[in-house]
Structures are given as C-alpha cells and as structure tokens.
Amino acid sequence: MKKIFTVLSCFFLYFSAEAQTFGNEWINYSQQYYSFSLAQTGLYKIDVASLTAAGIPVNSFTAGNVQIFGRQKEIPLYIQDGGDNLLDAGDQIFFYAEKN
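Residues numbered from 1 in each chain as written. Predicted model: local features only at pLDDT ≥ 70, side-chain atom pairs only at ≥ 80, totals over all residues. Heavy atoms only, no water.

> Any chance you could explain the sheet that holds strand β1 (residues 42-47) here in plain terms?
Two strands in a sheet stick together by hydrogen bonds in their backbones, pointing the same way (parallel) or opposite ways (antiparallel). Taken together, the three strands give an open sheet; going across it, the order is β1-β5-β4, and neighbouring strands pair in antiparallel fashion. With partners counted over all chains shown, the strands left at the sheet margins are β1 and β4 (77-80), one partner each. Along the sheet, successive strands turn relative to each other by an average axial angle of 20°, direction set aside. With four bridges connecting them, β4 and strand β5 (residues 92-97) associate as antiparallel partners. Paired with Q80 across the bridge in β5 is Q92. (Pairing = 2+ DSSP bridges. Helix = DSSP H or I, 4+ residues; strand = E, 2+ residues; numbered from the N terminus. Axes fitted to C-alpha atoms, helices over the stretch in contact; angles between N-to-C directions.)

> Just checking my understanding: could you explain the pairing of β5 for this structure?
Remark: a regular strand shows side chains that alternate across the two faces of the sheet. When β1 meets β5, the two strands line up antiparallel, connected through six bridges. In the sheet register, L43 faces β5, and the bridge partner there is Y96.

> What's the story with the side chain of Q92 in this structure? I'm lost.
Tracing the sequence through the fold places Q92 in strand β5. Setting aside anything within four residues of it in sequence, one finds Q92 in contact with K45, I46, D47, Y78, I79 and Q80. (Contact = heavy atoms within 4.5 Å.)

Given below as structure tokens:
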C-alpha cells in the first residue's frame, strides 16, 4: 500500500509540475510588438493619428489583427474602423485597462 501511494504521489507531482506556465506563452517571436504605459486604471481611446505619430505603421496590419495584452492576459477591445477592417484616419481603439 505504501509503495502504491509513493508511486501515485510521484506521478501526481510530476504532472502538476509539468503543467506550470511561465506567463509568456502568448508571445509569437515572429511578430512585431509595441508597448505603452498606463498611468491610471480606466477606459482608454487610442486614435490612428496617435499610433502613426508614435511610429507604428498602421497600414501594415488590419484592425482584426490588433490585440492588447496587460497583466499577462489579453484585454478585450472595441475597434471603430468604419467596417472596412483597416486602420485609417478617424478610426479608434477603445479598451479598459488597469494601470501598470
């Protein structure tokens, strides 16, 4: 009985240790990422003019490819893009986030 308990314990510990994650599994190293800091928790709006002024090439990706991550998880977005799935003048990205 003691031998079975030991084997089961080792088996359980092995698989529970194997299941641990490091928190950066979402990173795709073949993609370009941009970061920004938030001073307060709240609702944020980013317009395309601000992204362009920050040096982000908004013409190189579609609105459907935009993702925002914070605190090791993806943050839900609302993108007002005029229905064309492109980021052009007048388009905006809305999201709620907690400060860094």
